[in-house]
Amino acid sequence: MVSSLAGDYQAASSMKKVVISLMGVKDLPLVLAWRSIPEVVELLPRQKERPLPWETQISWWRRRKNRMDWMVYYYGRPVGTVHFEAAGKTPEVGIMIGEVGLWGKGVGRLALRSLLDTLFYGASLLDMVCALVRPGNERSHRLFKSLGFRQQGTGRDGQACYVLRREDWVKKSASSK
């Protein structure tokens, strides 16, 4: 399933001010830099080590399976990442905007919409995705709720577990066009 998502996807909204493009090893230094910013790290659901050593980042990159990562570009400049991971019983999506100055500006929303369109319109076998959000990450809680995700309990480390079904996304995206 993950291989069927290969390729770039450009957001149709806002004259392509936000584009997602598959991430490569060449992008890791920038991602590591973002993952070393204290404000970013404290909101990441899985990163416990601060700052993240280069060896850990490379090791993670090499051993990841059933996961795809895209860089988020804002007017052609890399500003964050989105990902899809099909490792558990419910596929997971996530987002990290590494450019703190762009938080709350709608960049994450457009990037996540692009990813969800890719997943639900491009991968016909996908029925639902989930997202894990740390308790104090109010922006992400609002973002996922605004895109139609519904909280369904808690995941690891007390994180909120949000779920979005394909049928809900299709209805929501059709009504917003």
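Residues numbered from 1 in each chain as written. Predicted model: local features only at pLDDT ≥ 70, side-chain atom pairs only at ≥ 80, totals over all residues. Heavy atoms only, no water.

### Some details on helix α5 (residues 138-146)
The condition that has to hold: Relative accessible area decides the class of each residue, using a 1.4 Å probe on protein chains only: under 20% of the type maximum gives buried, over 50% gives exposed, and in between gives partly exposed. Runs of E in the DSSP output that reach at least two residues are strands. Runs of H or I that reach at least four are helices, and both are numbered from the N terminus. This arc is taken over the directions from the axis of the helix to the C-beta atoms. Whether two residues are in contact is decided by their heavy atoms, any of which lying within 4.5 Å being enough.
Three or more residues of α5 are buried, namely Ser140, His141, Leu143 and Phe144. For α5, the buried positions fall inside an angular range of 165° around the axis, keeping them on one side. Residues of α5 that are exposed and point over 90 degrees away from its buried face: Arg142 and Lys145. On its buried face, α5 is in contact with β5 (92-97), α4 (107-122), β6 (128-133) and β8 (160-165). Positive phi appears at Gly148, one or two residues downstream of α5, with a value of about 100°.

### Observations concerning the packing of α4 against helix α6 (residues 166-175)
Note the threshold: Orientation is described by lines fitted to C-alpha atoms, with helices fitted over the stretch in contact, and by angles between N-to-C directions that extend from 0 to 180 degrees. The labels follow the angle: roughly parallel below 35 degrees, roughly antiparallel above 145, roughly perpendicular from 65 to 115, and oblique for the rest. By convention, the crossing between two helices is left-handed when the near helix turns anticlockwise from the far helix through less than a right angle, and right-handed when the turn is clockwise. Gly falls in the polar group here, along with every residue not listed as nonpolar (Ala, Val, Leu, Ile, Met, Phe, Trp, Tyr, Cys, Pro) or charged (Asp, Glu, Lys, Arg).
Where α4 meets α6, the axes come as close as 10 Å, and the angle between the chain directions of the two elements is 120°. Here α4 lies oblique to α6, going by the angle between them. As for how α4 packs across α6, the hand of that crossing is left-handed. Residues Arg113, Leu116, Asp117, Phe120 and Tyr121 of α4 form the contact with α6, whose own contacting residues are Arg166, Trp169, Val170 and Ser173. Of the residues that constitute the contact of α4 with α6, the class distribution is five nonpolar, one polar and three charged.

### So, the state of the cysteines
Rule in force here: Count a disulfide wherever a pair of cysteine sulfur atoms falls within 2.5 Å.
In this structure the tally under the stated criterion is zero disulfides. Looking at the unpaired Cys130, the closest cysteine sulfur is the one in Cys161, lying at 4.8 Å. For Cys130, a relative accessible area of 7% corresponds to the buried category.

### What about the pattern of salt bridges?
Here is the rule we go by: Salt-bridge detection follows one rule: a side-chain nitrogen of Lys or Arg within 4 Å of a carboxyl oxygen of Asp or Glu.
Counted according to the given criterion, the structure contains five salt bridges. Taking the shortest distance from any N to any O, the salt bridge between Glu99 and Arg77 comes out at 3.7 Å. Linking Glu99 in the loop between β5 and α4 with Arg77 in strand β4 (residues 77-85), this pair joins segments that are 22 residues apart in sequence. In this structure Glu99 comes out as partly exposed when scored by relative accessible area, which is 25%. Of the charged contacts in the structure, one is a salt bridge between Arg150 and Asp168, with a shortest N-O distance of 3.7 Å. Placement of the pair is Arg150 in strand β7 (residues 150-154) and Asp168 in helix α6, with a sequence separation of 18 residues. With a relative accessible area of 19%, Asp168 lands in the buried category. Taken together, the salt bridges that share partners define one network made up of Arg67, Asp69 and Glu85.

### A look at the pairing of β7
Our working rule: Pairing between strands is defined by DSSP: at least two bridges between the two strands are required.
The pairing of β7 with β8 spans three bridges and is classified as antiparallel. The partner of Arg150 across the bridge, within β8, is Val163. Taking the residues between adjacent antiparallel strands as the criterion, β7 and β8 are bridged by five residues, where Asp157 takes a positive phi near 55°.

### Focus on the packing of aromatic side chains
We count it as follows: What counts as a ring pair is set by centres within 6.5 Å for rings of Phe, Tyr and Trp (its six-membered ring), and what kind of pair is set by the plane angle: stacked under 30 degrees, edge-to-face over 60, tilted for all other angles.
Enumeration according to the criterion identifies three aromatic pairs in this entry. Ring centres of Tyr74 and Tyr75 lie 4.8 Å apart, and the angle between their planes is 65°; on these two criteria the pair is classed as edge-to-face. The exposed category is assigned to Tyr75, whose relative accessible area is 59%. Ring plane angle 20° and centroid distance 6.3 Å describe the contact between Phe144 and Tyr162, whose orientation is recorded as stacked. With Phe144 in helix α5 and Tyr162 in strand β8, the pair connects residues that are 18 residues apart, well separated along the chain. Side by side, Phe144 and Tyr162 carry an identical accessibility label, which is buried. One aromatic cluster is present, formed by Phe144, Phe149 and Tyr162 through successive ring pairs.

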